[in-house]
Amino acid sequence: MIRPCRVLGCGAHTTRYGTFCPTHKSNLRRHGHAEQTAVTKAELAPFVALVRKRIEKNADNATWAHSEARWQTVVDHARAILGEAKRGVPGNRYERTAASEVVVLGEAVTPRAITETVFAMYLLQEHDLRRLRSDEAFRAQLIHRLRGLTEANVDEWPGGRAKRLQRDIPPRAVLIMAQWIGEALGGVGVHLARLEARDREARAASAAGLAEAMRELQ
Ligand SMILES: [Zn+2]
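This one's a predicted model, so the numbers in the text were calculated from it and none came from an experiment.

A. Spatial organisation of the overall build of the chain. Regarding its fold elements, the chain presents seven helices and two strands. The secondary structure elements of the chain, listed N-terminal to C-terminal, are α-α-α-α-α-α-β-β-α. Overall, the C-alpha framework of the chain stretches about 75 × 50 × 35 Å when taken along its three principal axes. Counting over 218 residues, the chain shows a buried share of 37%. When contacts within the chain are restricted to residue pairs at least 6 apart in sequence, long-range pairs at least 24 apart make up 64% of them. Carbon and sulfur atoms make up 55% of the accessible area of the chain, which amounts to about 13,200 Å² in all. Each charge class in the chain was averaged separately, 34 positive and 25 negative side chains, and the resulting centres sit 7 Å apart.

B. Examining the pattern of salt bridges more closely. By the definition in use, this model includes 14 salt bridges. Note that Arg 30 and Asp 168 form a salt bridge whose closest N and O atoms lie 3.1 Å from each other. Residue Arg 30 is located in helix α1 (residues 22–31), and its partner Asp 168 is located in the loop between β2 (160–166) and α7 (171–215); the two are separated by 138 residues in the primary sequence. The shortest N-O distance in the salt bridge between Arg 198 and Asp 199 comes to 3.0 Å.

C. Region of the structure containing empty space enclosed by the protein. Scanning the model with the defined rule gives one cavity of 30 Å³ or more in all. Here the largest cavity defines a volume of roughly 140 Å³. Sorting the residues of the lining of the largest cavity by element identifies α1 and α6 (135–147) as the ones contributing at least two each. The dominant element in the lining of the largest cavity, judged by the number of residues it contributes, is α6, at four residues. Mapped onto the domain boundaries, the lining of the largest cavity takes at least three residues apiece from domain 1 (1–35) and domain 2 (37–204).

D. Representation of the coordination of the zinc ion in the model. Listed as protein donors to the zinc ion are Cys 5 (SG), Cys 10 (SG), Cys 21 (SG) and His 24 (ND1); their distances from the metal cover 1.9 to 2.4 Å. Each of the four donor atoms around the zinc ion contributes to a set of angles spanning 103 to 114°, which defines the coordination as tetrahedral. If you list the donors of the zinc ion from N- to C-terminus, the spacing comes out as C-x4-C-x10-C-x2-H. The buried category is assigned to Cys 21, whose relative accessible area is 3%.

E. Representation of the domain arrangement of the chain. When the domains of the chain are assigned, the result is domain 1 (1–35) and domain 2 (37–204). Across the contact, six residues belong to domain 1 and 13 residues belong to domain 2. Linking domain 1 to domain 2 there are two salt bridges. Along the contact surface separating domain 1 from domain 2 lie two residue pairs in polar contact (both at pLDDT 80 or more).

F. Molecular detail of the packing of helix α2 (residues 41–57) against helix α5 (residues 111–127). Viewed as axis vectors pointing N to C, α2 and α5 meet at an angle of 115°, and their least axial separation amounts to 8 Å. It follows from the interaxial angle that α2 and α5 lie roughly perpendicular. Crossing angle aside, the handedness with which α2 passes α5 is right-handed. Counting all contacts with α2, which are made through Leu 44, Phe 47, Val 48, Leu 50, Val 51, Arg 52 and Ile 55, the residues of α5 involved are Arg 112, Glu 116, Thr 117, Phe 119, Ala 120, Met 121, Leu 123, Leu 124 and His 127. Of the residues assigned to the contact of α2 with α5, the class counts are eleven nonpolar, two polar and three charged.

G. Expanded view of a nonpolar patch on the surface. Together, Leu 210, Met 214 and Leu 217 give the surface a local cluster of nonpolar side chains, amounting to about 350 Å² of exposed area. Within the element layout of this structure, Met 214 appears in helix α7.

The rules we used
Residues numbered from 1 in each chain as written. Predicted model: local features only at pLDDT ≥ 70, side-chain atom pairs only at ≥ 80, totals over all residues. Heavy atoms only, no water. Helix = DSSP H or I, 4+ residues; strand = E, 2+ residues; numbered from the N terminus. Buried < 20%, exposed > 50% of the residue type's maximum accessible area, 1.4 Å probe, protein only. Contact = heavy atoms within 4.5 Å. Areas by Shrake-Rupley, 256 points an atom, 1.4 Å probe, with all protein chains shown as cover. Lys, Arg positive; Asp, Glu negative; His and termini not counted. Charge placed at Lys NZ, Arg CZ, Asp CG, Glu CD. Salt bridge = Lys/Arg side-chain N within 4 Å of Asp/Glu carboxyl O. 1 Å grid on protein atoms, 1.4 Å probe; cavity = no way out; pocket = protein on both sides within 12 Å on 5 of 7 lines; lining within 4 Å. Points joined across faces, edges and corners; volume = space filled by probe spheres on them. Domains from an automatic or database assignment. Donors = N, O, S within 2.8 Å, 3.2 Å for Na, K, Ca; no water. Tetrahedral: all angles 85-135°; square planar, octahedral: opposite > 155°, others 65-115°. Polar contact = N/O pair within 3.5 Å; in protein donor to acceptor, adjacent residues only side chain to side chain. Axes fitted to C-alpha atoms, helices over the stretch in contact; angles between N-to-C directions. Parallel < 35°, antiparallel > 145°, perpendicular 65-115°, else oblique. Left-handed = near helix turned anticlockwise from the far one by under 90°. Nonpolar A, V, L, I, M, F, W, Y, C, P; charged D, E, K, R; others polar. Patch = residues over 30% accessible without salt bridge, like charges linked within 9 Å, V, L, I, M, F, W, Y side chains within 5 Å.

Okay, structure coming up:
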């Protein structure tokens, strides 16, 4: 039955068997939520810059090396899964897709760039709770930005550079990838996001203190 799309204010009609119109249905599949839009590289850039600042400020701290080693463990795990696939061991195909995506990243991107991007996503989420519409949307955008770190995942459209799109992978493979990465780096990501919030509050308090002091000037 064709009905109005479930997204409030959309006004379009659903596909024959769905609850969303084609656009919102595609958003749900690609971005993890019907109303989620893709987080762009430019949008994430200020948060990557904050992560780099934090790393610079704590250059001798072992958190960064530990984090990169944890990412390397994810890559090794993925390689093991692909090895089993090669030997003909039966396995889950979404897990194997996730594994091959992780191996591509492991080969094409530095561990530092991976960890910076992961942490930046946690900072973005903390900074604007409404930007990522659900846990699924967070996971989908996390993987979207990570896969955006290499050209290997981009399809050129015929006729040139006007439109470049990341090749899709099944949502279940995205979920598995995000789960591995979240287990490896989520704890640090959450902690770094809290540090940003703390510093932001301290700056606001200090600005308020200055404003208060200025009001008392004679
Ligand atoms: Zn719609």
